[in-house]
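# Working through the structure, step by step
Listed below are the residues making up each chain.
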Amino acid sequence: MKGLAVFALGLGLALAAGLAPGLRGAGPGADVSELKVTIREWAVPTKGAHPHDPAVGADGALWFTEQMQNKIGRLDPKSGAFTEYALKLADSGPHGLVADREGNIWFTGNFKGYIGKLDPRTGTVTEYKIPDPKGEDPHTAVFDGQGMLWFTLQVANMVGRLDPRSGKIDLKNVPTTNSHPYGIAINSKGIPIFCEFETNKMAKIDPQTMEMTEYTLPEGARPRRMAIDASDRVYFTDYSEGHLGRLDMTSGAVKMWASPGGAKSAPYGMVITPDGMVWYSESGVKPNTIVQFDPKTEKFARVNIPSGGGTVRNMAATSDGRVYIACSGVDEVGVVEPVR
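Rules of the game
- Residues numbered from 1 in each chain as written.
- Predicted model: local features only at pLDDT ≥ 70, side-chain atom pairs only at ≥ 80, totals over all residues.
- Heavy atoms only, no water.
- Helix = DSSP H or I, 4+ residues; strand = E, 2+ residues; numbered from the N terminus.
- Rg over C-alpha atoms; globule rule 2.2 N^0.38 Å.
- Buried < 20%, exposed > 50% of the residue type's maximum accessible area, 1.4 Å probe, protein only.
- Contact = heavy atoms within 4.5 Å.
- Areas by Shrake-Rupley, 256 points an atom, 1.4 Å probe, with all protein chains shown as cover.
- Lys, Arg positive; Asp, Glu negative; His and termini not counted.
- Charge placed at Lys NZ, Arg CZ, Asp CG, Glu CD.
- Salt bridge = Lys/Arg side-chain N within 4 Å of Asp/Glu carboxyl O.
- pLDDT = per-residue confidence, 0-100.
- Phe/Tyr/Trp six-rings, centres within 6.5 Å; stacked < 30°, edge-to-face > 60°.
- Lys NZ or Arg CZ within 6 Å of the ring centre and 35° of its normal.
- Pairing = 2+ DSSP bridges.
- Axes fitted to C-alpha atoms, helices over the stretch in contact; angles between N-to-C directions.
- Polar contact = N/O pair within 3.5 Å; in protein donor to acceptor, adjacent residues only side chain to side chain.

Counting its secondary structure elements, the protein chain contains zero helices and 32 strands. For a compact globule of 340 residues, the expected C-alpha radius of gyration is about 20 Å, and the protein chain comes in at 19 Å, within 12% of that figure. The 340 residues of the protein chain split such that 59% are buried. Intrachain contacts of the protein chain at a sequence separation of at least 6 include 45% that bridge at least 24 residues. Here the protein chain displays about 13500 Å² of accessible surface, and carbon together with sulfur accounts for 49% of that area. Of the charged side chains in the protein chain, 36 are positive and 38 negative, and the gap between their average positions amounts to 1 Å.

Another aspect to go through is the pattern of salt bridges. As enumerated under the stated definition, the model contains 14 salt bridges in all. A salt bridge links arginine 121 to aspartate 119; the nearest nitrogen and oxygen atoms lie 3.2 Å apart. Shared partners join several salt bridges into a network, and the residues in it are Arg161, Lys168 and Asp170.

Mapped onto the secondary structure, leucine 89 falls in the loop between strand S9 (81-86) and strand S10 (94-99). Linking leucine 89 and valine 125, residues 36 residues apart in sequence, is a C-alpha distance of 9.5 Å. Other than its neighbours up to four places away in sequence, leucine 89 contacts Asn70, Lys112, Tyr114 and Glu127.

It is worth spelling out the confidence of the model for the protein chain at this point. For the protein chain, per-residue confidence averages 92 on the pLDDT scale, and residues scoring 70 or more make up 91% of the total. In the model, residues 1-29 has pLDDT below 50 throughout and makes 84 contacts with residues more than four positions away in sequence or in other chains.

Tallied over the full model, the rule gives 13 aromatic pairs. When the centroid spacing of 5.5 Å and the interplanar angle of 25° are considered together, the rings of tryptophan 106 and tyrosine 128 count as stacked. Separated by 22 residues along the polypeptide, tryptophan 106 in strand S11 (residues 105-109) and tyrosine 128 in strand S13 (residues 124-129) bring together distant segments of the chain. A residue is classified by how much of its surface remains accessible, and tyrosine 128, at 13% relative accessible area, is buried. Ring plane angle 15° and centroid distance 6.4 Å describe the contact between tyrosine 235 and tryptophan 257, whose orientation is recorded as stacked. Linking tyrosine 235 in strand S23 (residues 234-238) with tryptophan 257 in strand S25 (residues 254-258), this pair joins segments that are 22 residues apart in sequence. Residues tyrosine 235 and tryptophan 257 agree in their burial class; the two are buried. Each residue in the set Tyr182, Phe197, Tyr239 and Tyr268 is aromatic and connected to the rest through ring pairs, giving one cluster. Here the basic side chain of arginine 224 rests over the ring of tyrosine 239, its NZ or CZ set 4.4 Å away from the ring centre.

The next point concerns the sheet that holds S23. A sheet is described by the order of its strands in space; here four strands give the open sequence S22-S23-S24-S25, paired in antiparallel fashion. The sheet is open, and its two borders are formed by strand S22 (223-228) and S25, each paired with just one other strand. Across the sheet, the mean angle separating the axes of adjacent strands is 25° when strand polarity is ignored. Bridge count for S22 against S23 is four bridges, and the pairing is antiparallel. Pairing of proline 223 across the sheet is with aspartate 238, part of S23.

With that settled, consider unusual backbone geometry. In the segment running from lysine 286 into proline 287, the intervening peptide bond is cis, with an omega of -5°. Summarising the element assignment, proline 287 is placed in the loop between strand S27 (278-282) and strand S28 (289-294). At aspartate 91, a residue that is not glycine, the phi angle is positive and equals roughly 55°. With respect to the secondary-structure elements, aspartate 91 resides in the loop between S9 and S10. Residues other than glycine seldom take positive phi values, yet asparagine 178 does so here, at roughly 50°.

On the secondary structure map, aspartate 294 appears in strand S28. Here aspartate 294 sits buried without a salt bridge, and the closest side chain of opposite charge, lysine 296, lies 6.4 Å off (N-O distance). Within the structure, aspartate 294 has its side chain in polar contact with the backbone nitrogen of lysine 296 (distance 2.9 Å).

Rendered as structure tokens:
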């Protein structure tokens, strides 16, 4: 199997870690208690991989992109065994990724302007070139319920749609110039919603016409990553101002909470677990933290990442409530598991 290497590495860190309760962030509502979790981390076999985004495979494995080493990686959290798949197109810069129902792994070739599909059974990679030369930097990808792959193109200022059945790609420019579309997710009605990172806006897309509607956030906010709860409320990390935010797309109402780490905490990767808890990482503090927010009580809990984190750019949630992370700057991937 060309380009395939298998590794079994020892567990890097396994800690039931926590911060002292009673810490206070910058502003009302930022009381934070000890987050009771176990964080396990493993060193990625290829040094300098810069693991970017994690995903949950159809078999529950932790998949991740190795952006700076041109590989896709897989970790079996039970055994600690790694498998790495080398990409045939050099310097692809794999960035975002997501698994489909058949177990294929789809990723964005951020440096070479394509969407890739990896078949783990054979190691074969199929490339879908972005049809517009301006669409050179596909960023984050997500599947909707109909099997269509939606993705953002940050610098190109576009959102794309790929039909895996035909390979056809449609592109749409975002209304606000230089808005840098970033994180993207699908709500329960099949509507794609995305962050406009370089402005204080978010937007939704009509899945049929690809027409966009923008929503304005508070002045100075810069939404980077997002997640949608069971009631279709949109949570987002405000990277610039150090907030966790929530947008109600029905009313347009926005609520902001100061992150425990303060205005410079740079909240980044985030996810919502099946129990409704909101999880994210503060990348602007050292060591980076994992933060849990309870929407019912509006309380925070926080813990340091044992490896330091090195920036957690995205997260993925398993069906049983664990959180997968990729720690770019320290070349590690990890699993965050609540202490039951």
